[in-house]
Amino acid sequence: MRVGISLPVRELKDDLGAVKAFAQAADELGYTHLRVPDLIARPKSGHLHEPLVMLSYVAAVVKKIELVPSVIVTPSRQTVLLAKQMASLDRLSGGGVRLGVGVGGSEAEYRALGQDFHTRGARCEEQIELLRKLWTESVVEFEGRWDSVSGTGIDPLPARPIPIWIGARGLPAPRIRRRIGRQADGWFVLCSPEDFDYLSADVHAAARAAGRDPAGIGTEAGVAVVGPREHEWQDRVRGWREKGLTHLCLRTLGGGLGGDADAHIAKARQAFEELQELFWRLSSIARLHRSP
């Protein structure tokens, strides 16, 4: 299981020294990826920077940690521009990005960006197809319902095709489950462990129907290590590990630490050390059970 952490951007706000310190600490501790949420214009959303700009700053101060904007409200954005931005970020970070995509739920944000809220699901599916072509072909020929690209492409291409993961709030609708199975490299699991099994079964069925191997579709859940559920975070990690998830994302945000970067870093360090001990214990128990 790959373990990443969310950058607490809402709390750190404009403190670039704090953002740098947290990102570098996560990188040095051994977290595998760093997640940043998306927001452009939503009512009462709070202080939050545009994620690709933020991650461009982070790319300059870290060495190996994967950068994950999650999730970009893709249908609200221009597809070719997003492809270019992600390819540039991939190059500037040394080939270490993963794109989370979603359709969002704010009609006001879509209106502000001049996009159609009501066709967002279908457009997202088309965008995923076009993004992959733009990242792998120097000259693209594509004629879709919303985007038309002919005789051109982006340069430079990313270091490799950028993985695309799909996020959906709560219990994804059947169409979203099919979208994950048909198109995604992975999905952000935002449901309860109790609902995961039947949702995962639908995703796997869609993957097989599309001629894909379901085993190749990653899964990532988030777990808060601060706040009201702090006392149970290791139990939640254990539960997700038993479900066979490939990725995990810890969160220090939203737990009352405010903009204190040192407090966020200390909690990230403590959680990482406790997690390594937990994984070691679980692995030792598994080995004992396998012994004759």
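Above this note sits the structure.
To keep things clear, this report deals only with the structure shown in the data block. (Residues numbered from 1 in each chain as written. Predicted model: local features only at pLDDT ≥ 70, side-chain atom pairs only at ≥ 80, totals over all residues. Heavy atoms only, no water.)

## What to know about the packing of aromatic side chains
Inference 1: Taken as a whole and judged by the stated rule, the model has five aromatic pairs.
Inference 2: Taken together, a centroid distance of 5.4 Å and an interplanar angle of 80° make the contact between Tyr-110 and Phe-117 edge-to-face. Phe-117 carries the same exposure label as Tyr-110, and that label is buried.
Inference 3: Their ring planes at 15° and their centres at 5.8 Å tell us that Trp-187 and Phe-196 sit as a pair that is stacked.
Inference 4: Stacked on the ring of Phe-117, the Lys or Arg Arg-120 has its end atom at 3.8 Å from the ring centre.
Inference 5: Taking NZ or CZ as reference, Arg-241 lies 5.0 Å from the ring centre of Phe-279, over its face. (Phe/Tyr/Trp six-rings, centres within 6.5 Å; stacked < 30°, edge-to-face > 60°. Buried < 20%, exposed > 50% of the residue type's maximum accessible area, 1.4 Å probe, protein only. Lys NZ or Arg CZ within 6 Å of the ring centre and 35° of its normal.)

## Remarks on the packing of helix H4 (residues 79-92) against helix H6 (residues 120-136)
Inference 1: Where H4 meets H6, the closest approach of the two axes is 10 Å, and the angle between their N-to-C directions is 50°. When the interaxial angle is binned, H4 and H6 end up oblique. In the packing of H4 onto H6, the handedness of the crossing is right-handed. Here Thr-79, Val-80, Leu-82, Ala-83, Met-86 and Ala-87 of H4 come into contact with H6, specifically with Arg-123, Gln-127, Leu-130, Leu-131, Leu-134 and Trp-135.
Inference 2: In terms of residue class, the contact of H4 with H6 is made up of nine nonpolar, two polar and one charged. (Axes fitted to C-alpha atoms, helices over the stretch in contact; angles between N-to-C directions. Helix = DSSP H or I, 4+ residues; strand = E, 2+ residues; numbered from the N terminus. Parallel < 35°, antiparallel > 145°, perpendicular 65-115°, else oblique. Left-handed = near helix turned anticlockwise from the far one by under 90°. Contact = heavy atoms within 4.5 Å. Nonpolar A, V, L, I, M, F, W, Y, C, P; charged D, E, K, R; others polar.)

## So, the pairing of strand E9 (residues 186-189)
Inference 1: Taking every second residue as pointing to the same face, both faces of E9 are buried, with Gly-186 and Phe-188 on one and Trp-187 and Val-189 on the other.
Inference 2: One ladder, built from three bridges, connects strand E8 (residues 164-167) with E9; its direction is parallel. Considered in E9, the bridge of Gly-167 is made with Phe-188.
Inference 3: In this view, the connection linking E8 to its parallel neighbour E9 by way of helix H7 (residues 174-183) has right-handed handedness.
Inference 4: On the question of chirality, the crossover connecting E9 to the parallel strand E10 (residues 218-224) by way of helix H8 (residues 193-209) is right-handed. (Pairing = 2+ DSSP bridges. Right-handed = clockwise from strand over helix to strand, strands pointing away.)

## Observations regarding the pattern of salt bridges
Inference 1: Counted according to the given criterion, the structure contains 20 salt bridges.
Inference 2: Linking Glu-66 and Arg-98 is a salt bridge whose minimum nitrogen-to-oxygen distance equals 3.2 Å. With Glu-66 in strand E3 (residues 66-69) and Arg-98 in the loop between H4 and strand E5 (99-102), this pair connects stretches of sequence that are 32 residues apart. Assigned by exposure class, Glu-66 and Arg-98 land together as buried. (Salt bridge = Lys/Arg side-chain N within 4 Å of Asp/Glu carboxyl O.)

## Regarding the nonpolar core
Inference 1: Residues Tyr-31, Leu-34, Val-58, Leu-67, Trp-135 and Leu-250 are the most contacted members of the largest nonpolar core, which totals 82 residues.
Inference 2: Filtering out sequence-adjacent residues up to four positions away, Leu-250 remains in contact with Val-3, Gly-4, Ile-5, Ser-6, Tyr-31, Val-223, Val-225, Trp-233, Ala-271 and Leu-275. (Core = buried A, V, L, I, M, F, W, Y, C linked by side-chain atoms within 4.5 Å.)

## Remarks on empty space enclosed by the protein
Inference 1: With the rule as written, the count across this model stands at one cavity of 30 Å³ or more.
Inference 2: Lining the largest cavity we find Val-101, Gly-102, Val-103, Cys-124, Ile-166, Gly-167, Ala-168, Ile-176 and Arg-179.
Inference 3: If you list the elements that add at least two residues to the lining of the largest cavity, you get E5, E8 and H7.
Inference 4: For the lining of the largest cavity, the class distribution of residues is six nonpolar, two polar and one charged. (1 Å grid on protein atoms, 1.4 Å probe; cavity = no way out; pocket = protein on both sides within 12 Å on 5 of 7 lines; lining within 4 Å. Points joined across faces, edges and corners; volume = space filled by probe spheres on them.)

## Topic: the sheet that holds E10
Inference 1: Across the sheet, which stays open at both edges, the nine strands sit in the order E3-E2-E1-E11-E10-E9-E8-E5-E4 with parallel pairing between neighbours. Strands at the two margins of the open sheet, each flanked by one partner only, are E3 and strand E4 (72-73).

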